[in-house]
Amino acid sequence: MSLPARSTAKSRALFAEALNLIPGGVNSPVRAFRNVGGEPFFAARAAGATVWDVDGNAYVDYVGTWGPAILGHAPEAVVRAVAEAAALGTSFGIPNAREVDLARKVVAWVPSVEKVRMTSSGTEACMAAVRLARGFTGREKIIKFEGCYHGHGDSLLVKAGSGALTHGEPDSAGVPAALAALTLSLPFNDLAAVRAAFEANPGEIAAVIVEPVPGNVGLLLPELGFHEGLRALCDAHGALLIFDEVMTGFRLAKGGAQEGIGVRPDLSTFGKVIGGGLPVGAFGGRADVMDHLAPLGKVYQAGTLSGNPLAMAAGLAQLAELERLDGFRKLEEIGAALEAGLRPLLAKARVPSQFHRRGSMFSLFFSAKPVRNCADALASDREAFKKFFFGLLDRGVYIAPSPFEAGFLSLAHGPEAIEATLRAAAEVLPTL
Ligand SMILES: *Cc1c(COP(=O)(O)O)cnc(C)c1O
């Protein structure tokens, strides 16, 4: 079937100019479409489940600004809250009541969090959590998992996922080797490897940091007992367990992925949904650990815009809407509808694939083998993904421009959006 070509003249002109002004034309690498080979479109506006580009094309959006847009784009309650807050001052650098309101909400929703501090990004939250774990334990080494992405802090850019993976440079230039040597990166879902790492580094591991449901090599699912095992090993060896819930927090449940898994981490990090689309991160956990932060303790962490009133207002409004709309239950229903429609199409097209879903997060790996970890994800068929991506894009469906990114559903993905997506997939899958 031949389609009318999408017009892309305005996006192409903007990208050409951006390439001269911004490295790679983008302010975050994955946006450059390098992993599917093409050029990004430029957004003009977004509402609900739809994003429009500057050439007037509309797309059903499964990127959702990489996670934050859980209510859909530009939800009225969030837009109103930000406008009201802005009129009263865009930043104070003085404590404001909304910081206390959002902290109260996080502590109420996430039982493992007794105290919380706000940052301006997930990266900052993860960097600070690792520093805090090192300061608290007096140890220097950390364990992370291959393909888990914890932002671009130096200690955490070792075999990281997301853009770092897409660009085939898991270890960034500029990270001192001596620092990277303190980060042990192990395969996800491999408890024996974690046990061995603890035994080989007695009394030296400050923390294990993990995405409880990893979403930065596509979506991986934790095997039964994996997180319980991490908890037990951390306890046995005096290390802290950090759950990076920047992606899963306030998305999979009120209490994040940890609510469903039933394991209590010592520290958790947040971002994305908690900011309602504004730049926010947060980290929190055990009060006795958090109280090691300045000004109480010796671990320094700060931020001029941390607790920014607009960001706090956006986050508070977004979380209130999620609760008011019974959001987590509805997101599961929407996810189940997409899955129920897609699985038969995959079977019918006989495409070797693994479809993973947890609530409103999903990914499709073109792989005949089960995908348990980063290596399995990397072994999936990228050419098939590329064709699938552009086939959908030409039909007005935008999924992340990389096989190593999760898809995100929002409360705005109504039956029409899902049906349009399934129609597009039904046309594209048999061509792979
Ligand atoms: C996005 C992400 C981060 C980094 O957050 P930024 O706000 O992009 O700095 C950290 N951890 C996980 C799990 C993420 O998905």
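Bear in mind the structure is a predicted one, so any value in this text is a computation, not a measurement.

Novice: Just checking my understanding: could you explain the domain arrangement of the protein for this structure?
Specialist: Interface size is commonly expressed as the accessible surface area that is lost when the partners come together. According to the domain assignment, the protein consists of domain 1 (9–74 + 325–431) and domain 2 (76–324). Averaged C-alpha coordinates put domain 1 and domain 2 at centres separated by 25 Å. Contact with domain 1, which involves 39 residues of that partner, is made by 38 residues of domain 2. Around 3,200 Å² of area is buried between domain 1 and domain 2 when both sides are counted, 64% of it from carbon and sulfur atoms. On the domain 1 side of the contact with domain 2, Phe-328, Arg-358 and Arg-372 bury the most area, a combined 22% of that side's loss. For the interface between domain 1 and domain 2, the tally reads one salt bridge. Notably, a salt bridge pairs Arg-372 with Glu-223, separated by 2.5 Å at the nearest N-O pair.

Novice: Where do I start with the site of the ligand in this structure?
Specialist: The environment of the ligand is made up of Ser-121, Gly-122, Thr-123, Tyr-149, His-150, Gly-151, Glu-211, Asn-216, Asp-244, Val-246, Met-247 and Lys-272. The contact in question runs from a nitrogen atom of the ligand to an N or O atom on the side chain of Asp-244, over 2.6 Å. A distance of 2.6 Å is found between an oxygen atom of the ligand and a side-chain nitrogen or oxygen belonging to Lys-272. Relative to its unbound accessible area of 380 Å², the ligand is 84% covered by the protein chains. Grouping the constituent residues of the shell around the ligand by class yields three nonpolar, six polar and three charged.

Novice: So what exactly am I meant to see when it comes to the side chain of Lys-105 here?
Specialist: Along the polypeptide, Lys-105 turns up in helix α3 (residues 97–109). Classification of Lys-105 by relative accessible area gives buried; the value is 19%. Those residues in contact with Lys-105, other than ones at most four positions away along the chain, are Leu-319, Ala-320 and Glu-323.

Novice: Mind showing me how you'd approach the packing of aromatic side chains here?
Specialist: For any pair of aromatic rings, the description consists of the separation of the ring centres together with the inter-plane angle of the planes. What the rule picks out here adds up to 19 aromatic pairs. Between Phe-33 and Tyr-398, the ring centres sit 6.3 Å apart and the planes meet at 15°, which makes this aromatic pair stacked. Within this pair, whereas Phe-33 is found in the loop between α1 (9–21) and β1 (43–47), its partner Tyr-398 is found in strand β13 (residues 397–398), the two being separated by 365 residues in sequence. According to the relative accessible area criterion, Tyr-398 is buried, its value standing at 10%. Between Phe-366 and Phe-388 the ring centres are 5.4 Å apart and the planes differ by 75°, which places this aromatic pair in the edge-to-face class. One end of the pair, Phe-366, is in the loop between β12 (361–365) and α13 (374–378); the other, Phe-388, is in helix α14 (residues 382–394), with 22 residues separating them in the sequence. Here a set of aromatic residues connected by ring pairs shows up, and it is made of Phe-33, Phe-41, Tyr-59, Phe-385, Phe-389, Phe-390 and Tyr-398. Taking the ring centre of Trp-52 as reference, the NZ or CZ of Arg-45 above it sits at 3.9 Å.

Novice: What is the right way to look at the pairing of strand β8 (residues 240–244) in this model?
Specialist: Where a strand is regular, its side chains alternate between the two sheet faces. Counted residue by residue, β8 has five buried out of five residues, so it is predominantly covered. Along β8, one buried face is formed by Leu-240, Ile-242 and Asp-244 and the opposite face, lined by Leu-241 and Phe-243, is buried too. Here strand β7 (residues 205–210) runs beside β8; their pairing, made up of four bridges, is parallel. Within β8, the position partnered with Ile-209 by the bridge is Ile-242. Direction of pairing for β8 relative to strand β9 (residues 267–270): parallel, over a ladder of three bridges. The residue of β9 that forms the bridge with Ile-242 is Leu-267.

How each quantity is defined
- Residues numbered from 1 in each chain as written.
- Predicted model: local features only at pLDDT ≥ 70, side-chain atom pairs only at ≥ 80, totals over all residues.
- Heavy atoms only, no water.
- Domains from an automatic or database assignment.
- Contact = heavy atoms within 4.5 Å.
- Buried area = accessible area lost by both parts, 1.4 Å probe.
- Salt bridge = Lys/Arg side-chain N within 4 Å of Asp/Glu carboxyl O.
- Near = heavy atom within 4 Å.
- Polar contact = N/O pair within 3.5 Å; in protein donor to acceptor, adjacent residues only side chain to side chain.
- Areas by Shrake-Rupley, 256 points an atom, 1.4 Å probe, with all protein chains shown as cover.
- Nonpolar A, V, L, I, M, F, W, Y, C, P; charged D, E, K, R; others polar.
- Helix = DSSP H or I, 4+ residues; strand = E, 2+ residues; numbered from the N terminus.
- Buried < 20%, exposed > 50% of the residue type's maximum accessible area, 1.4 Å probe, protein only.
- Phe/Tyr/Trp six-rings, centres within 6.5 Å; stacked < 30°, edge-to-face > 60°.
- Lys NZ or Arg CZ within 6 Å of the ring centre and 35° of its normal.
- Pairing = 2+ DSSP bridges.

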